[in-house]
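Residue-level structure breakdown
Spelled out, the chains give:
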Amino acid sequence: MAQVIEAEHLVKRYGDFEAVHGIDFSVSEGACFGLLGPNGAGKSTTIRMICCLAEVSSGRLTVLGHEAHPGNLTIKRQLGVVSQEDYLDPSLTVRENVELHGRFYGMGYREAKSRAQELLVFLQLEEKGSEQVRSLSGGMRRRAVIARALMGRPRLLILDEPTTGLDPQARILVWRKIRELKQEGVTILLTTHYMDEAQRLADDLVVIDHGTILERGTPGDLINRVVGTECLEIAECDPGYGQSLVDSIQLLQVVSDWQGDSLMLFSSDMDPVIARLQEEKLLPTQYYRRRASLEDVFLRLTGRDLRE
Ligand SMILES: Nc1ncnc2c1ncn2[C@@H]1O[C@H](COP(=O)(O)OP(=O)(O)OP(=O)(O)O)[C@@H](O)[C@H]1O
Ligand SMILES: [Mg+2]
């Protein structure tokens, strides 16, 4: 099977409201696929349909070769899910939460115990194993949820914001684990609001907003196509002055974008842009020249308005 997830004209309606508007995408076996978008874009809704927790309103959705619908255990037993809310039992210990999940996968007591131990070590949670979940910090809870999701040795791992609230050390640990799982052949669907994370981990991604796919591709493709390889960042830029900069280089291949009060000039050929600004005596005394990033692509595609 080449495609682990296939969505065709996938729609989700809640009453009159359409949260997902007929999206098409597919996820290849062994890939890490990023589902990116601002708050309310429809990421978790899409994930809930993939995890067989919510009904597909129309269109087609197959997961691991089977049609997704609520309660499809054939799919559910092959998935590992880190949902946006963690649903750990606060009165049980970390180890008990992880071990108990083995029951869902039909594991016996011994197998569940040894698998849970392996995963607590894998996520560096062994020392916290006998503490009640209610006493854990947010980052530790997130790691416990990841351990639990891996109990059934899933073929497809769904990660809905797995690193939200983690400190930089814990994020690096989780990234390393995600890479290790990928090397073992696990397919991963990832949502995140950290664009650096998506840029590092995703082989392929879609950017969605208001339930519609805006762009798809590899992080590198999207950067080249949507903005360009380099960025000239002018912080605290006066709008009138910014406009005169943009006007003076309009014949060059430049994409301009405001991020707050900073003006971003993007191009894959920056030297002529700087030369032109110098000739026009418009080059600011302070600017920052850097590589363009997936965050630039995201902001360019989804705009500046806050959601919901
Ligand atoms: N059960 C529900 N009933 C009605 N509307 C819902 C329901 N669940 C989600 N929505 C709406 O569907 C839209 C998409 O929500 P969703 O949770 O999929 O967004 P998201 O992309 O995961 O956002 P976030 O980044 O904030 O997690 C939102 O407008 C949300 O309010
Ligand atoms: Mg969500």
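Cut-offs and rules
Residues numbered from 1 in each chain as written. Chains lettered and ligands numbered in written order. Predicted model: local features only at pLDDT ≥ 70, side-chain atom pairs only at ≥ 80, totals over all residues. Helix = DSSP H or I, 4+ residues; strand = E, 2+ residues; numbered from the N terminus. Buried ≥ 20, exposed ≤ 12 C-beta atoms within 10 Å, placed from the backbone. Contact = placed C-beta atoms within 7 Å. Near = placed C-beta within 6 Å. Nonpolar A, V, L, I, M, F, W, Y, C, P; charged D, E, K, R; others polar. Axes fitted to C-alpha atoms, helices over the stretch in contact; angles between N-to-C directions. Parallel < 35°, antiparallel > 145°, perpendicular 65-115°, else oblique. Left-handed = near helix turned anticlockwise from the far one by under 90°. Pairing = 2+ DSSP bridges.

Overview of the overall build of the protein
Regarding its fold elements, the protein presents eleven helices and 14 strands. If you line up the protein on its principal axes, its C-alpha atoms span 75 × 45 × 35 Å. Residue burial in the protein is summarised as follows: out of 308 residues, 38% are buried. Pairs at least 24 residues apart make up 69% of the contacts formed inside the protein by residues separated by at least 6 positions.

Description of the site of ligand 1
Around ligand 1, the neighbouring residues are Y14, F17, A19, G37, N39, G40, A41, G42, K43, S44, T45 and Q84. Taken together, the elements giving at least two residues each to the shell around ligand 1 come down to β2 (17-28) and α1 (43-50). Sorting elements by how many residues they give to the shell around ligand 1 places α1 first, with three residues. Looking at the shell around ligand 1 residue by residue, the classes come out as four nonpolar, seven polar and one charged.

A word on the packing of helix α3 (residues 94-101) against helix α4 (residues 109-122)
The axes of two packed helices give the description: the angle between them and the distance between them. At their nearest, the axes of α3 and α4 sit 9 Å apart, and the two run at 125° to each other. It follows that α3 is oblique to α4 by the angle criterion. Regarding α3 and α4, the two cross each other, and that crossing is right-handed. Contacts between α3 and α4 involve R95, V98 and E99 from the former and A112, K113, A116, L119 and L120 from the latter.

Notes on the sheet that holds strand β11 (residues 230-234)
Judged by pairing direction, the sheet is antiparallel, and its four strands sit side by side in the order β12-β13-β11-β14 without closing on themselves. Pairing within the sheet leaves two strands with one partner each, and these edge strands are β12 (255-259) and β14 (288-291). For this sheet, the mean angle separating the axes of adjacent strands, direction not counted, is 25°. For β11 and β14, the ladder comprises four bridges, and the chain directions are antiparallel.

Notes on unusual backbone geometry
Its identity as a non-glycine residue notwithstanding, E161 has a phi of 55°, on the positive side. Along the polypeptide, E161 turns up in the loop between β7 (156-160) and α6 (168-183).

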